[in-house]
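Observations on chain architecture
Chain residues, written in single-letter form:
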Amino acid sequence: MNRDAIEDGRNANSLQHSPIRVGVLGFGGLGQAAARVLALKQEMQWVAAADHKGYVFAPSGLSVEDCVKTYQTQGSLGYLEPFGVLSNNSIHDLLAQTVQVQGLFLALPNLPNTFMATVVRQLIDLGWQGVVVDAIKRTTAMEHLFQMEDELKASGITYLTGCGATPGLLTAAAAIAAQSYTEIHSVNITFGVGIANWEAYRATIREDIAHLPGYDVERARKMTDAEVEALLNQTNGLLTLENMEHADDLMLELAGICSRDRVTVGGVVDTRHSKKPLSTNVQVTGRTFEGKISTHTFTLGDETSMAANVCGPAFGYLKAGAKLQQRGVHGLFTAAEVMPQFVK
Ligand code: NAD
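Here's a quick rundown of the structure. (Residues numbered from 1 in each chain as written. Predicted model: local features only at pLDDT ≥ 70, side-chain atom pairs only at ≥ 80, totals over all residues. Heavy atoms only, no water.)

Bringing the pairing of strand β6 (residues 130-134) into the picture now. For β6, the tally of buried residues reaches 5 of 5 residues, placing the bulk of the element in the interior. In this structure, strand β5 (residues 103-106) lies alongside β6, joined through 4 bridges in parallel fashion. Bridge pairing links L104 to V132 in β6. Chirality of the crossover, the property in question, places the unit of β5, helix α5 (residues 115-126) and β6 among those that are right-handed. As judged from the 4 bridges shared by β6 and strand β7 (residues 157-161), these two strands associate in the parallel manner. Paired with V133 across the two strands is L160, which belongs to β7. (Buried < 20%, exposed > 50% of the residue type's maximum accessible area, 1.4 Å probe, protein only. Helix = DSSP H or I, 4+ residues; strand = E, 2+ residues; numbered from the N terminus. Pairing = 2+ DSSP bridges. Right-handed = clockwise from strand over helix to strand, strands pointing away.)

Written as structure tokens, this is what we have:
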């Protein structure tokens, strides 16, 4: 096949010519970073967003600067003129009237642990159709989504779960690294996160606190900001996390790589400095067909932020999901079983 024929085939198989219209649900740390990432893309257009108290929808596209300014000064996108709407049921109200949003990134807190599942229930009940990606973290939270797998398929939703950094980028890297081996012994994910100010990522930090000894999701959810602050003062701003309940294990098991008990996740979060306290990496150890035992290590660049390593993959998976949807493929998939596409 010559190069032109390959290109023709690619174009026929490529996305529609107009950009995918994307909504971002949740406009905290990751939601705002997602909007900044989308502003640099031609193949996706950011048209909608929701927060706890309101939503905004602009078919011709949203301005990141205006949205961030309104959210930071007034507390909700609902105040944004002229498109903002105040609502205590913002996700429902946005999606009930907005058939034009084709793809959604859920940058929402998963507090309580079933919150993401309740959002998915709303999407199904509304009859919304399109592509959804999340960056959900807990294994049990993802298991709740799998209980809705058949309904998602029947609803015409193409849902990709676990599409952040971990789970997400590192889980997918582990699935690729595993291919050198005939038997996988362990997958160890170690992350380092540096954020200058914990309040920029309240949900992420609360969900991390929930993994500390003596804490759980409910306890972390109920903590006031002052209590979080007091805890961080005791630890000098550091959260050291071991043997976390992270869905990387379920995803690698479902992808047939290894049983979940061979996957471990831990890390250190520094809530006072943007420099990472350690380099984020995944180590995949296994035995080759020749009987050699070896370890592949994939390490993220220290300059890359949590936001870059979550939002980049999330939209890469959203593009992959849009292609699946165009081919009539619906249902629930994980980031370990679909290859992300690069969004231009
Ligand atoms: P955040 O606390 O900064 O922001 C949450 C946003 O959601 C806020 O805008 C809030 O108003 C909005 N919100 C809350 N309840 C809502 C509701 N009922 N309806 C509409 N909007 C609502 O959150 P964050 O720190 O950006 O984290 C978002 C999620 O990303 C968390 O669940 C976190 O675990 C996840 N995360 C995943 C990874 C990964 O690698 N997989 C990494 C970091 C964070």
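On to the state of the cysteines, then. Evaluated as defined, the whole model comprises 0 disulfides. C258 carries a free sulfur, and the closest cysteine sulfur to it, the one in C163, is 19 Å from it. (Disulfide = S-S within 2.5 Å.)

Our focus in this paragraph is the sheet that holds strand β8 (residues 183-194). Taking strand neighbours across the sheet as the criterion, the 5 strands line up as β9-β10-β8-β11-β12 in an open arrangement whose pairing is mixed. Each edge of the open sheet is held by one strand with a lone partner, namely β9 (238-241) and β12 (293-299). Taken over all neighbouring pairs, the strand axes of this sheet differ in orientation by 10° on average, direction set aside. Here 4 bridges tie β9 to strand β10 (residues 263-270), and the two strands are oriented antiparallel to one another. Note that in β10 the partner of T240 across the bridge is V268. Contacting β8, β11 (281-287) and β12, helix α8 (residues 169-177) runs over the sheet at an angle of about 25° to β11. (Axes fitted to C-alpha atoms, helices over the stretch in contact; angles between N-to-C directions. Contact = heavy atoms within 4.5 Å.)

Summed over the entire model, instances satisfying the criterion amount to 13 salt bridges. With a shortest N-O distance of 2.9 Å, E151 and R121 are connected by a salt bridge. Of this pair, E151 sits in helix α7 (residues 149-155) while R121 sits in helix α5, placing them 30 residues apart in sequence. Here E183 makes a salt bridge to R287, at a shortest N to O gap of 3.5 Å. In this pair, E183 sits in strand β8 while R287 sits in strand β11, placing the two residues 104 residues apart along the sequence. Taking relative accessible area as the criterion, E183 reaches 35% and is therefore assigned partly exposed. Looking at R287, the relative accessible area reads 31%, which means it is partly exposed. Within the structure, one salt-bridge network assembled from shared partners comprises E199, R202, R206 and D225. (Salt bridge = Lys/Arg side-chain N within 4 Å of Asp/Glu carboxyl O.)

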